[in-house]
Amino acid sequence: MKISKFNSLLTDSTNKRSCMCTVLPAAILLCTVFFMGSSFVSTNYKERLSRLAVTDSAPATVVEKCSNRCLPSGIEALPKGIVSRTSNLEMQPLWGSPKKKRNTKSLLALAVGIKQKENVDKIVKKFPSSDFTVMLFHYDGFVDNWRDLQWSKSALHVSAINQTKWWFAKRFLHPDVVDEYGYIFLWDEDLGVEHFNPVRYLSIVKEEGLEISQPALDTRSIVHHPITARGSRSRTNVQILWWWKVLSEQYGPSLYRVGRNDGSSVFKSSLALCMNDLIHAWGLDMKLGYCAQGDRSKNVGVVDAEYVFHQGIATLGASDKNKTSEEAPGTGSPSRSPSDKRTPVPKESPANNDRLAVPSEHSQNDPRSLIRLRSHYEMEMFYQRWNDAVEGDECWTDPYKKLEP
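Residues numbered from 1 in each chain as written. Predicted model: local features only at pLDDT ≥ 70, side-chain atom pairs only at ≥ 80, totals over all residues. Heavy atoms only, no water.

**Some points on helix α5 (residues 198-208)**
Okay, so step 1: All buried positions along α5 are accounted for by P198, Y201, L202, I204 and V205. In a view along the axis of α5, the buried residues occupy a sector of 160 degrees, so they form one face of it. Of the residues in α5, the exposed ones pointing more than 90 degrees away from the buried face are K206 and E207.
Okay, so step 2: Looking one or two residues beyond α5, the residue adopting positive phi is G209, at roughly 75 degrees. (Buried < 20%, exposed > 50% of the residue type's maximum accessible area, 1.4 Å probe, protein only. Helix = DSSP H or I, 4+ residues; strand = E, 2+ residues; numbered from the N terminus. Arc of directions from axis to C-beta.)

**Focus on the nonpolar core**
Okay, so step 1: If you look at the biggest cluster of nonpolar residues, it comprises 42 residues, and the most contacted ones within it are F137, W166 and L173.
Okay, so step 2: Looking at this core, the elements that each hand over two or more residues are β1 (106-112), β2 (132-138), β3 (156-159), α3 (165-172), β4 (183-187), α6 (266-273) and α9 (367-392).
Okay, so step 3: When neighbours within four sequence positions are excluded, F137 is seen to be in contact with A109, L110, A111, V112, V158, K165, F168, A169, F172, L173 and L186.
Okay, so step 4: One finds I123, W146, Y183 and V303 within the second-largest nonpolar core, a separate group that totals 29 residues. (Core = buried A, V, L, I, M, F, W, Y, C linked by side-chain atoms within 4.5 Å. Contact = heavy atoms within 4.5 Å.)

**Thoughts on the layout of surface pockets**
Okay, so step 1: Counted as a void, the largest pocket has a volume near 630 Å³.
Okay, so step 2: Along its surface, the largest pocket is lined by 29 residues, and E90, R102, K105, S129 and T133 are the ones closest to its centre.
Okay, so step 3: Listing elements by their share of the lining of the largest pocket, those giving two or more residues are α2 (117-125) and β2.
Okay, so step 4: It is β2 that provides the largest number of residues to the lining of the largest pocket, a total of three residues. (1 Å grid on protein atoms, 1.4 Å probe; cavity = no way out; pocket = protein on both sides within 12 Å on 5 of 7 lines; lining within 4 Å. Points joined across faces, edges and corners; volume = space filled by probe spheres on them.)

**Describing the side chain of K117**
Okay, so step 1: Tracing the chain through its elements places K117 in helix α2.
Okay, so step 2: Within the structure, K117 has its side chain in polar contact with the backbone oxygen of N145 (distance 2.7 Å).
Okay, so step 3: Residues in contact with K117, not counting those within four places in the same chain, are N145, W146, D148 and L149. (Polar contact = N/O pair within 3.5 Å; in protein donor to acceptor, adjacent residues only side chain to side chain.)

**A look at unusual backbone geometry**
Okay, so step 1: For N162, which is not a glycine, the phi torsion comes out positive at approximately 55 degrees.
Okay, so step 2: On the secondary structure map, N162 appears in the loop between β3 and α3.
Okay, so step 3: Overall, N162 belongs to the partly exposed group, its relative accessible area being 48%.
Okay, so step 4: The residue A281 is not glycine, and still its phi comes out positive at about 60 degrees.
Okay, so step 5: Counting through the fold element by element, A281 comes out in the loop between α6 and α7 (296-299).
Okay, so step 6: A relative accessible area of 9% means that A281 is categorised as buried.

Any functional reading would require information that these geometric values do not contain.
Pasting the structure below:
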């Protein structure tokens, strides 16, 4: 009996040791796997946390980087690289490869009528086609009559009956369209160019740093301001009298610098100053000095070395009997006294507009008198608006007031 119990205990002890030998390795293996798995999960978790931290910081960096994209309002939804912000007036072929972009050209824009076709032809031929784009503003509706001129096919033609050069410029020389041009010549059709070379003229303008300029006037021209007449000066005259605000002549400053590295534009500022309804732009030339992008006593001037003859032919609105005029429409302002610091002008009202809308019996037979009446009225309105704008803008200070005596 005792032997049987002993055998039974021995057997149980052997079984327990056998069970322990089986379970222990399995437990050790399980602990090892768990430890290794925990380490891997921990490392992976840390890596994921690190990635999440980078991902979380990325939007902040992108937002900061993209906050200054400088895209104009309305096109923010477009990728920046596809945006073409400016254009030009260069024509492109209907088939084949597009024309390659040339070096910076300048633009010659002329308000023309068919009666001055011969003189306009002489003007355009002075400007090399390789350096200048030509744009004609036809105020008489005759466009096809210019096709026999060789250069006409490559010129741009815009037609609107009885409109002035400033009306055309305001609407068809938008800053985004002309931004790629170096300079703009905005001329009248009645200029004699026998002694004028545009390439040499631009060379002088660039060397002198002029932003707004005009060729000097031949002494045979009708001169309203003595400073614009050609004198004994060697090349240029850039001393603009303080009360003029800018050089001005009956056909007005004719050259404006367009493209600048800092993004500003003399011509853009000048067009902003031009009123939509004041198409003759009288008075405008007296304020263009504010558009000169700098010291107008240094960067606004008259070039004596290259000069033109202003014939003073009034064809816009003129009858055959009235071929000349004391002053052409839409080309400048009559002389003003330096003491006229603020012009007393009438307020705009229906009554004032009515006196322009209903011509007298005499003026109906003389369109030029109506044009002169309208031009003087526009000058009054322009100065009134300028005065109102100055008084209404608390943040504006006159940068040239300290130059006045």
